[in-house]
Each structure stands twice: as C-alpha cells, then as structure tokens.
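# Overview (structure and organization)
Here's the letter readout for the chains.
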Amino acid sequence: MKKLIIPVAFAITLFGGANAFAAIKVVTTTQDLESLTREVGGDKVTVESLAKGYQDPHFVEAKPSFILKLHGAELLVVVGRELEIGWLPPLINQARNPRIQPNADRYLDASSAARILEIPTGQITRAMGDVHPSGNPHYWLSPDNGRRIAQEIQKKLAEISPSDAAYFGQRYADFDRRLAEAEKRWQATMAPYKGVKVVTYHRSWPNFTDAFGLNVVGYVEPKPGIPPSPSHTLELIQEMKRQQVKVIMIEPYFDRKTPDSIARETGAQVIVLAPSVGGVKEVTDYFKLFDYNVGLAVSAIKQTGAK
Ligand SMILES: [Zn+2]
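From a predicted model like this one, the values you see are computed outputs, not experimental measurements. (Residues numbered from 1 in each chain as written. Predicted model: local features only at pLDDT ≥ 70, side-chain atom pairs only at ≥ 80, totals over all residues. Heavy atoms only, no water.)

Further remarks concern the sheet that holds strand β2 (residues 45-49). The sheet built from 4 strands is open, its strands ordered β2-β1-β3-β4 with parallel pairing. A single partner strand is all that each edge strand has here, and the edge strands are β2 and β4 (107-109). Strand after strand, the sheet turns through a mean of 20° between neighbouring axes, direction not considered. Pairing geometry for strand β1 (residues 24-28) and strand β3 (residues 75-78), over 3 bridges, is parallel. By the bridge assignment, T28 is partnered in β3 with V77. Against the sheet, helix α3 (residues 31-41) engages β1, β2 and β3, with an angle of about 170° to β2. (Pairing = 2+ DSSP bridges. Helix = DSSP H or I, 4+ residues; strand = E, 2+ residues; numbered from the N terminus. Axes fitted to C-alpha atoms, helices over the stretch in contact; angles between N-to-C directions. Contact = heavy atoms within 4.5 Å.)

Taken as a whole, this structure holds 21 salt bridges when the rule is applied. The shortest N-O distance in the salt bridge between R256 and D260 comes to 3.1 Å. Assessed through its relative accessible area of 23%, D260 is described here as partly exposed. In this structure, a network of salt bridges that share partners links the residues E39, D174, R177, R178 and E181. (Salt bridge = Lys/Arg side-chain N within 4 Å of Asp/Glu carboxyl O. Buried < 20%, exposed > 50% of the residue type's maximum accessible area, 1.4 Å probe, protein only.)

Another aspect to go through is the nonpolar core. Across soluble globular proteins, nonpolar side chains show a tendency to be buried alongside one another. Core analysis: the largest hydrophobic core is formed by 54 residues, its most contacted members being L157, F208, M249 and L289. Looking at this core element by element, the count peaks at 8 residues for helix α11 (residues 286-304). If sequence neighbours within four positions are ignored, L289 has contacts with D32, W140, L141, A274, P275, S276, V277 and V283. Counting 16 residues, the second-largest nonpolar core is a separate cluster that includes A73, V78, W87 and L88. (Core = buried A, V, L, I, M, F, W, Y, C linked by side-chain atoms within 4.5 Å.)

This part takes up the coordination of the zinc ion. Looking at the zinc ion, one finds its protein donor set to be H58 (NE2), H132 (NE2), H138 (NE2) and H202 (NE2), positioned 1.9 to 2.0 Å from the metal centre. Bound by 4 donor atoms, the zinc ion shows angles of 105 to 115° at the metal and therefore tetrahedral coordination geometry. As a motif over one chain, the donors of the zinc ion read H-x73-H-x5-H-x63-H. Note that H58 is positioned in the loop between β2 and α4 (64-72) and H138 in the loop between β4 and α6 (143-160), a separation of 80 residues in sequence. Across the pair, exposure class does not vary: H58 and H138 are buried alike. (Donors = N, O, S within 2.8 Å, 3.2 Å for Na, K, Ca; no water. Tetrahedral: all angles 85-135°; square planar, octahedral: opposite > 155°, others 65-115°.)

Peptide bonds are trans in most cases, and residues, glycine excluded, mostly fall at negative phi. Positive phi values are uncommon outside glycine, yet E82 reaches one of about 70°. Within the fold, E82 resides in the loop between β3 and α5 (88-94). One non-glycine residue, N103, adopts positive backbone phi at about 75°. Counting through the fold element by element, N103 comes out in the loop between α5 and β4.

With that settled, consider the environment of R148. Looking at the element boundaries, R148 is found in helix α6. Among all residues touching R148, those that are not within four sequence positions of it are A113, A114 and R115. Of note is the side chain of R148, whose polar atom sits 2.9 Å from the side chain of D144. (Polar contact = N/O pair within 3.5 Å; in protein donor to acceptor, adjacent residues only side chain to side chain.)

Attention shifts here to the pairing of strand β6 (residues 215-219). Residues in a regular strand project their side chains so that they alternate between the two faces of the sheet. Pairing analysis gives 4 bridges linking strand β5 (residues 197-200) to β6, with the strands arranged parallel. Bridge pairing in β6 places V198 opposite V216. With helix α8 (residues 206-212) bridging β5 and its parallel neighbour β6, the resulting β-α-β unit is right-handed. (Right-handed = clockwise from strand over helix to strand, strands pointing away.)

This brings us to the environment of D144. Relative to the helices and strands, D144 is located in helix α6. Judged by its relative accessible area of 31%, D144 falls in the partly exposed class. Residues D144 and A114, spaced 30 residues apart in sequence, show a C-alpha to C-alpha distance of 8.4 Å.

Taking 1.5 Å per residue, 18 residues should reach 26 Å; α6 reaches 26 Å between its end C-alpha atoms and fits that length. Burial of α6 is extensive: 13 of the 18 residues sit out of reach of the surface. (Expected span 1.5 Å × (residues − 1).)

This part covers the packing of α6 against helix α7 (residues 165-190). When two helices pack together, their arrangement is captured by the angle between the axes and the distance separating the axes. Close contact between α6 and α7 brings their axes to 9 Å; oriented N to C, the two are set at 175°. In terms of axis orientation, α6 runs roughly antiparallel to α7. In this structure, α6 contributes P143, D144, G146, R147, A150, Q151, Q154, L157 and A158 to the contact, and α7 contributes A165, F168, G169, Y172, F175, D176, L179, A180, E183 and W186. Grouping the constituent residues of the contact of α6 with α7 by class yields 11 nonpolar, 4 polar and 4 charged. (Parallel < 35°, antiparallel > 145°, perpendicular 65-115°, else oblique. Nonpolar A, V, L, I, M, F, W, Y, C, P; charged D, E, K, R; others polar.)

By themselves, these figures tell us nothing about what the structure is for.
Right under this line is the structure:
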C-alpha cells in the first residue's frame, strides 16, 4: 500500500496544533491513574479514564465508547491485581490494538512497583467470592504508592518518547516534592488520632489506614465483594460495642442501609469517603483525594470522640 503523506501544516491544523499532535494518548482504567499520569505527563500527554471515581472499580459497566478509546490508546495504565478482571479483558480483546494487550509494551500494570497489602498466603480463588485474590488492589490510597505509581508512569512515558525524558523527569521530581510537603501536612493532621478504631464497608482502605495509623477492626462486608448478611452484621455490632468503635467508613457506591442501621445500634457515625479521584465532586486530583479523606476522618473522630 502506498504510504499516505500528510503535509505538516495540514496535519497540525487537523490535529489541533503541534502539542496535540505530539501528545501521547494515554488511557487509564481509573481517575487516580489519570490524575497521576497528568502530573507526570503534563502537556505531552492526553489522558482519559474509563471508570469514574464514583463507580465501584470492581464492577464497571462497559460502554462501547471504551473500546474506541482503547483502540486509539498509545498507552494503557491499569490498577492490576485483578481489580478490573470483571470488565476490562473483553474490552482489550475487542480493541484491535496489539500494543496494549497484557504483557505488551504499552500495557502498564501500575501495581508492579507498589506496596501491596493483604496478599493471601493460603489458597484463595474468586470462586470463593473474594474479589481480592491477588492482594489488596486498592493500593493507590497511600501517598507513597501514589509516588511509586507516578514513577512507573514517568519511566514508561520516557521510554515511549525519549526526547521528552527530561521533561517527564522534571515533572515527576516536582510532583514528588509537592507530595512530600502534602504528606507532612496530612501526617500532622492525623497524628493525634493514631490507633483510633474504625470499621470500613469494603476492604478499600488498608493502605490508607496503614499510612495514617488508624486501626480497622471490622468490615460491613463479610468478605470483599460479598454483601452484608444479618449474622455478620449482628457480630459486627457486638464487636463495635465491645471495642467502642465510633466511625464507619464507606464508599459512595454502596447502599447506606446496613451501615446506617449499624450506626444507630452503636452510636457510630457513617462517613462517605472518596475511594478515588472523582469519587465525590470536590476530589478532582490525587492531592484532593487525601485532603478530603483526611479532613472527613478527622472531623468524624472529633465529633464522636472515637478512640
Ligand atoms: Zn476491592
């Protein structure tokens, strides 16, 4: 086939300017990865997320538009650890884009350099209903993992566009510096509340609670991905009364009915945290994710006198 040559001036008009023409098209599965890619990639990338932060990332409704986005992607960044296994693989299959297939060079699993908690030691399969068979996939909820993810993205972008390697390196260094400053602020805010006992709905928060010293003593779900049952709820209420737990952290995509009834029984407060960028409308980037969650956790702890 004869190669189609588009005159440069025409191409620039067509694709909306020199920058847009050169930008690497990145697709991420979540808005957290989108935000971190934007931090590092600046105006050398265009980036969009498939899932929205207010959706349960385990169970995202696939849209035909996702396939089109994946088809045009020059880099796909995923959370991995089987978080997206229920919806992403068929989309990648249909995208007709060999470079973003798992293990291909434009498929970046962001968990590769992250610190992963709750890696099962025994035999755990999804058949048992547990949606965390490869360790906890909500690892972006510690700032240090945000740093590690951003660094992986930086390396990959530099590999894709070596002439911009210094630019991505400088953006990463700047992000790292601002994150370190923000971490000092978040740590100082949380410092008086180390060891405070909380209950969470899903196991979304081990990296968050680990980073800030909160103590998770139970879950509204009997197992990750398994809806609350009356017997489990009763046990949880008894345990919360015994340990005087006053804060229940939930995600915006779960039904409040069970956590609200547990709160009535125990005198606890239910707080709806943002599990991702985009989880609530105020949380528009990775920094605001922690600003919001730290702020909400501290105000609930103060109001309830939780210990
Ligand atoms: Zn999960």
